[in-house]
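Architecture at a glance
Each chain, written out:
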Amino acid sequence: MSSADREPAGPPQLISDEDRDMAVQRLQEAYAEGRISYEEMDERLHQVLTARTHHDLVPVLAPLPEKHADTTSTIAAARGRIRRRGAWRVPRVLKIESAFGRVHLDLSHAVIEHPVVDIELHLGTGRAEIIVPRDAIVEMEELRTVWKVPRYRARRHPRPGGTRIRISGTMEYGRLKIRHARH
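Quick summary incoming for the structure in this document. (Residues numbered from 1 in each chain as written. Predicted model: local features only at pLDDT ≥ 70, side-chain atom pairs only at ≥ 80, totals over all residues. Heavy atoms only, no water.)

**What about the pattern of salt bridges?**
Here the structure, examined in full by the defined rule, presents seven salt bridges. Of the charged contacts in the structure, one is a salt bridge between Arg179 and Glu129, with a shortest N-O distance of 3.3 Å. Of the two residues, Arg179 is situated in strand 8 (residues 164-180) and Glu129 in strand 5 (residues 116-132); the sequence distance between them amounts to 50 residues. Residues Arg144 and Glu142 are paired through a salt bridge, measuring 4.0 Å at the closest nitrogen-oxygen approach. For Arg144, a relative accessible area of 46% gives the class partly exposed. (Salt bridge = Lys/Arg side-chain N within 4 Å of Asp/Glu carboxyl O. Helix = DSSP H or I, 4+ residues; strand = E, 2+ residues; numbered from the N terminus. Buried < 20%, exposed > 50% of the residue type's maximum accessible area, 1.4 Å probe, protein only.)

**Brief notes about helix 3 (residues 38-50)**
Here helix 3 spans 18 Å end to end across 13 residues, near enough to the 18 Å set by a 1.5 Å rise per residue. If you check which residues of helix 3 are buried, you get Met41, Arg44, Leu45 and Val48. End-on view of helix 3: buried residues confined to an arc of 110°, all on one side of the axis. Among the exposed residues of helix 3, those pointing more than 90 degrees away from its buried face are Glu39, Glu43 and His46. Against the buried residues of helix 3 lie helix 2 (17-32) and helix 4 (54-61). (Expected span 1.5 Å × (residues − 1). Arc of directions from axis to C-beta. Contact = heavy atoms within 4.5 Å.)

**Things to note about the nonpolar core**
Core analysis: the largest hydrophobic core is formed by 26 residues, its most contacted members being Ile96, Leu107, Leu121, Ile130 and Ile167. Every element with two or more residues in this core is listed here: strand 1 (72-84), strand 3 (93-106), strand 5, strand 6 (137-145) and strand 8. If you tally residues by element for this core, the top one is strand 5, at seven residues. In this view, Ile130 contacts Leu105, Leu107, Leu121, Ile167, Leu176, Lys177, Ile178 and Arg179; residues no more than four positions away in its chain are not counted. Of all hydrophobic cores here, the second largest spans 14 residues; its members include Ile15, Ala23, Leu45 and Val48. (Core = buried A, V, L, I, M, F, W, Y, C linked by side-chain atoms within 4.5 Å.)

**Description of the environment of Thr163**
As for its position among the elements, Thr163 is in the loop between strand 7 (151-152) and strand 8. With 23 residues separating them in the primary sequence, Thr163 and Met140 have C-alpha atoms 14 Å apart. Apart from the residues within four sequence positions on either side, Thr163 is in contact with Ile112, His114, Pro115, Val117, Asp135, Ala136 and Ile137.

This is a description of form; function is not addressed.
Set out below in structure tokens:
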């Protein structure tokens, strides 16, 4: 079977800058862990940087082990307060579940190792506040609210290269406020 036979029907899916950055990061981590040589990393980086489609990335990344770092974490409370602040490690996917209570996530001093962080909210009633780093880019297209529209004012001139924070999930009768850190 030729590679053309394995290609899915339809137009090839072009890779985004985010996909390319994640591929570069995986190669750098594999080199740092001693899984590939410097020459192999250099060759594969060239392939990643010149790749146009997801199909082009498969032979470059397939031999590498999948990332095993804390990829998903769930914090749940039926009632009460969920609070994270200071220098805490933010997982790639953070699920927050709260039936009644308050949620306060402060990412301004957190350790964020991923270019994209997904925060999945499942809130009943109560308030939630998320403080994001100054250069973060916030997306909320996948967040469904029943009662109140989230309060968020995007930065006028976001700096390129900031962490992309995608907020999704459902909020029934709560209120969500998102703001950028001041410092």
